[in-house]
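Inside the fold
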Amino acid sequence: MRRQVTSLVVKRLLIALITLVIVSFAVFFATALLPGDTATILLGQSATPEAVEGLRKAMHLNDPAIIRFLRWMAGLVQGDFGTSYANNVPVANLIRGRFANTMMLAGLTASIAVPLALTLGITAAMWRGTLYDRIVTVATIGIISVPEFMIATLAVLLFAVYLKWLPALSFTNEVKSFYDLMRTYAMPVVTLTFGVSAQMIRMTRAAVVETLNTPYVEMALLKGASRPRLVLRHALPNALGPIVNSVALSLSYLLGGVIIVETIFNYPGIAKLMVDAVSTRDLPLIQTCAMIFCLGYLALITAADIIAVLSNPRLR
Amino acid sequence: MTRATLSGRFGMRLGYRFNLIGMSALSIILLWSGVALFAPQIIPHSVGEIVDTDYFGPMSRDLWFGSDYLGRDIFSRILMGARYTLGISLAAVSIACFSGVALGMTAAVAGGWFDSMLSRFLDALNSIPSKLFGLVVVAAVGSSIPALIATLSVIYTPGAYRFARALAVNVNTMDFMAVARIRGEGLPYLIASEILPNILGPVLADLGLRFVFIVLLLSGLSFLGLGVQPPYADWGALVRENIGGLPFGAPAVIFPSLAIASLTISVNLLIDNLPSRIRDRSAE
């Protein structure tokens, strides 16, 4: 039986690897086969044709696309992300600090959202059909139906404009004390937490409710177990796999949310860097940021799948 | 009776009848569709006309939702914005679902290497976060309205494919499929006359959900300045234009957001309250 699990996990990892290659292919061709010549963009409209041709040679732009793709991939694997067009700095240098900032934001959000969402999701399933459950369900539907920027703008309106508790923009370089840290991170983290938790609550609740419909839970009910005991002792251990799975899947929502949140709060993270790169058409920067996001997303989805396999007692 | 209808939304489904929440959600959707169709006839002010001497003006009897950052009427701009938000999303969702469902049914019926290659490829596309995909493609091809529609439909085709394929695989194992195959029917007949009628309900419910995703993504892109470009403005672009009014709590920021929320929440609630006959098969 153990062998079956191992082979499933290995198979899933292989699929992830193949997917990664297809994704990098897609990212490269979406960005590299742009209309508009990179050399012309770099040198400006007034460049002489000779200068443009020289730069094209130097950048290997005349090679077939597939060769450029392979060279780009080889660079990525070796940690060479290329040089930013906009300011001629290695992309790796631009990304390093930004990456830490984004991970900080994501980590803070996850550390708040996961316990919050699990508590709400499990208790909502425990008291299914009650007023409490309905409020949680309607609130989560409401939150996942609205765009992230609306949650962000409402949070700014409430906490910065009406209550005046927090600054409307976040600047991490002003942080000197823990209090400053709280103030600058509060708004972005609250916004992201809303979106991530709403997803996670829905999925957690569904996972627990599904287990509650099984015969052995009914048996426990007939034997006279209380509702909390029914959920916590009988249903929860079996719903654990799907719950962890849903946590990983919901965290992948962070990747989309962070793009909006970093832009609206002017937060110096990778997503803001990428949005700026898109407006300056800085291709190496866009490609690298896109690959980081895809890698993170793929890692989370694969982790979710593997956890689902590992937690299935029929396979263990 | 009213109470029973209300609780029907969470517990038992009421057969073919729409309950109260479903009805109100449907009427909001119809209202916005009407607005999108007849916007040029019903707007009180021209969208480009500067009607207020002040910018970010408050709500008044003349300017119902206040004025924007140039002093234009926000109410009229929202009514016109409905055309772009609804139109682009509807076009994109139709293309995405048509191609996704057609490919999904074909893959389920054909099977073999066609099925596994297509599934592998579309799953890979699906593992690019949608906002990121939008950003990269818009950076590449620019954000004209046809390009936006094409991008959005490409992003949501894999999801529609996966959903339709999962349903079609189940139908494919039925006896009537075997009979049709023995009769010698070709692929177009099999997918159009045998499979499609059996998966139509869930596919339409899925189309509604995908519509919501597309509205949200389009608004998100427009909010980032990569979606609908001036002089046109959809609801996301209206929020972006007027984000400067946020520190003053200007109605110009709030109402476009509310318009998006009213549409997306209504579609979600309508689908949640569809008669169970339509929805149940989508639970598979």
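All right, on to the overall build of chain B then. Of the regular secondary structure elements, chain B holds eleven helices and zero strands. When its C-alpha atoms are laid out on the principal axes, chain B stretches across 75 × 55 × 30 Å. Restricting the contact set of chain B to residue pairs at least 6 apart, pairs at least 24 apart contribute 70%. Taken as a whole, chain B presents about 12,600 Å² of accessible surface, with 67% of it coming from carbon and sulfur.

What follows deals with the pattern of salt bridges. Enumeration over the complete set of coordinates arrives at eleven salt bridges over all chains. In this structure, Arg205 of chain A engages Asp133 of chain A in a salt bridge whose closest nitrogen and oxygen atoms are separated by 2.8 Å. Linking Arg205 of chain A in helix H8 (residues 178-212) with Asp133 of chain A in helix H6 (residues 131-145), this pair joins segments that are 72 residues apart in sequence. What emerges from the salt-bridge pattern is a single network uniting Arg72, Arg77 and Glu241 of chain B.

Residues Pro230 of chain B and Pro231 of chain B are joined by a peptide bond in cis, for which omega reads 10 degrees. Along the chain, Pro231 of chain B falls in the loop between helix H8 (187-223) and helix H9 (235-241). Look at Asn266 of chain A: it is not a glycine, yet its phi comes out positive at around 60 degrees. With respect to the helices and strands, Asn266 of chain A occurs in the loop between helix H10 (227-264) and helix H11 (270-280). Residue Asn266 of chain A is classed as partly exposed on the basis of its relative accessible area of 34%.

Here chain A averages 80 in pLDDT, while 87% of its residues score no lower than 70. Looking at the elements of chain A, mean pLDDT is at its lowest for helix H2 (residues 38-43) of chain A, recorded as 65, and at its highest for H6 of chain A, recorded as 88.

For the rest of this paragraph, the subject is a nonpolar patch on the surface. All names here are of chain A. On the surface, a cluster of nonpolar side chains totalling about 350 Å² of accessible area is made up of Phe25, Ile66, Ile67 and Leu70. Looking at the nonpolar patch element by element, the count peaks at three residues for helix H4 (residues 65-77). The topology assignment puts Ile67 in helix H4.

For the structure on display, the rule yields five aromatic pairs over all chains. With centroids separated by 6.2 Å and ring planes inclined at 80 degrees, the aromatic side chains of Trp127 of chain A and Tyr132 of chain A adopt a geometry described as edge-to-face. You can call Trp127 of chain A partly exposed: its relative accessible area is 36%. Judged by centre distance (4.5 Å) and plane angle (10 degrees), the rings of Phe149 of chain A and Phe223 of chain B are stacked. Here Phe149 of chain A, found in helix H7 (residues 148-162), pairs with Phe223 of chain B, found in helix H8, and the two come from separate chains.

All names here are of chain A. With respect to the secondary-structure elements, Ser250 resides in helix H10. Given the relative accessible area of 1%, Ser250 is considered buried. Here the side chain of Ser250 touches Ser246 through a polar contact of 2.6 Å, landing on its backbone oxygen. With near-sequence residues (within four places) excluded, Ser250 lies in contact with Val196, Gln199, Met200 and Met203.

Close contact between H7 of chain A and helix H10 (residues 251-272) of chain B brings their axes to 10 Å; oriented N to C, the two are set at 140 degrees. The angle between the axes of H7 of chain A and H10 of chain B places the two elements in the oblique class. Classified by chirality, the crossing of H10 of chain B by H7 of chain A is left-handed. Of the residues in H10 of chain B, those touching H7 of chain A at Phe149, Met150, Thr153 and Leu157 of chain A are Val253, Ile254, Ser257, Leu258, Ile260 and Ala261 of chain B. For the contact of H7 of chain A with H10 of chain B, the class distribution of residues is eight nonpolar, two polar and no charged.

In this section: the environment of Val212 of chain B. All names here are of chain B. Turning to its location among the elements, Val212 is positioned in helix H8. Classification of Val212 as buried rests on a relative accessible area of 2%. Separated by 168 residues in sequence, Val212 and Pro44 have C-alpha atoms that sit 28 Å apart. Setting aside anything within four residues of it in sequence, one finds Val212 in contact with Thr264, Val267 and Asn268.

Moving on, we come to the packing of helix H5 (residues 91-126) of chain A against helix H12 (residues 283-310) of chain A. Residues and elements named next belong to chain A. Two elements in contact, H5 and H12, have axes whose closest approach is 10 Å; the angle formed by their N-to-C orientations is 40 degrees. Classified by the angle between their axes, H5 and H12 sit oblique to one another. Note that H5 runs across H12; the crossing there is right-handed. From H5, Val91, Leu94, Ile95 and Phe99 reach across to H12, where they touch Pro284, Leu285, Thr288, Cys289 and Ile292. Per-class residue counts for the contact of H5 with H12 are eight nonpolar, one polar and no charged.

Residue and element names in this part refer to chain A. Secondary-structure assignment places Leu221 in helix H9 (residues 215-222). For Leu221, a relative accessible area of 48% gives the class partly exposed. Separated by 13 residues in sequence, Leu221 and His234 have C-alpha atoms that sit 9.9 Å apart.

Moving on, we come to the confidence of the model for chain B. All names here are of chain B. Looking at chain B, pLDDT values average 81 and 90% of them are 70 or higher. The least confident element of chain B, judged by mean pLDDT, is helix H1 (residues 2-8) at 42; the most confident is helix H3 (residues 74-110) at 90. Across residues 1-15 the pLDDT falls below 50, and counting only partners more than four positions away or on other chains, this stretch makes 25 contacts in the model. As a predicted assembly, this complex carries a pTM of 0.83 together with an ipTM value of 0.79.

This next bit is on the interface of chain B and chain A. The partner chain A presents 42 residues to the 39 residues of chain B that form the contact. Summed over both partners, the interface of chain B with chain A buries about 3,500 Å², with 82% contributed by carbon and sulfur atoms. Counting across the interface, chain B meets chain A through one salt bridge. Linking chain B with chain A are three residue pairs in polar contact (both at pLDDT 80 or more). When contributions to the side of chain B that touches chain A are tallied by element, the ones reaching two or more residues are helix H4 (112-126), helix H5 (130-141), H8, H9 and H10 of chain B. At eleven residues, the largest contribution of residues to the side of chain B that touches chain A is made by H10 of chain B. Here the residues of the side of chain B that touches chain A are counted per class, giving 25 nonpolar, ten polar and four charged.

Turning our attention to the state of the cysteines. Residues and elements named next belong to chain A. Applying the stated rule across the entire model yields zero disulfides over all chains. This cysteine, Cys289, is not joined by any disulfide, and Cys294 carries the nearest cysteine sulfur, 11 Å off. Relative accessible area serves as the criterion here: at 0%, Cys289 is assigned to the buried category. Its relative accessible area of 1% is what places Cys294 among the buried residues.

Conventions and cut-offs
- Each chain has its residues counted from 1, following the order in which its sequence is written.
- As they are written, the chains are lettered A onward and the ligands numbered 1 onward, keeping that order.
- In view of the model being predicted, local features appear only for residues whose pLDDT reaches at least 70, and side-chain atom pairs are presented and counted only at 80 or more, with totals across whole chains, interfaces and linings using the full set of residues.
- Values reported for side chains reflect all heavy atoms of the structure, with hydrogen atoms and water molecules removed beforehand.
- The helix count covers DSSP runs of H or I at least four residues long, the strand count covers runs of E at least two residues long, and both are numbered beginning at the N terminus.
- When checking whether two residues touch, look at their non-hydrogen atoms; a contact exists if any pair is within 4.5 Å.
- Under the convention used here, a 1.4 Å probe and the Shrake-Rupley method define accessible areas, while residue burial counts only the protein chains that appear.
- A pairing counts as a salt bridge when a side-chain nitrogen of Lys or Arg comes within 4 Å of a carboxyl oxygen of Asp or Glu.
- Burial classes follow relative accessibility: with a 1.4 Å probe on protein chains only, a residue under 20% of its type's maximum area counts as buried, one over 50% as exposed, and anything between as partly exposed.
- Predictor confidence is given residue by residue as pLDDT, running from a minimum of 0 to a maximum of 100.
- Patch membership requires more than 30% relative accessible area and the absence of a salt bridge. Residues of like charge join within 9 Å; the nonpolar side chains Val, Leu, Ile, Met, Phe, Trp and Tyr join within 5 Å.
- Aromatic contacts are taken between Phe, Tyr and Trp rings whose centres are within 6.5 Å, Trp giving its six-membered ring; a plane angle under 30 degrees counts as stacked, one over 60 as edge-to-face, and the others as tilted.
- Each polar contact in these results corresponds to two N or O atoms within 3.5 Å; when the atoms are within protein, one needs to be able to donate a hydrogen and the other to accept it, and residues that are neighboring in sequence are counted only if both atoms are side-chain atoms.
- Here the axes come from fitting lines to C-alpha atoms, over the contacting stretch only for helices, and the angles between their N-to-C directions go from 0 to 180 degrees.
- Note on terminology: angles under 35 degrees are roughly parallel, angles over 145 are roughly antiparallel, angles of 65 to 115 are roughly perpendicular, and the others are oblique.
- Should the near helix be turned anticlockwise from the far one by less than a right angle, the crossing is left-handed, and should it be turned clockwise, the crossing is right-handed.
- In this classification, Asp, Glu, Lys and Arg are treated as charged, Ala, Val, Leu, Ile, Met, Phe, Trp, Tyr, Cys and Pro as nonpolar, and every other residue, Gly included, as polar.
- Joining two parts hides part of their accessible area as seen by a 1.4 Å probe, and the buried area is that hidden amount summed over both.
- Note on terminology: pairs of cysteine sulfur atoms within 2.5 Å are recorded as disulfides.

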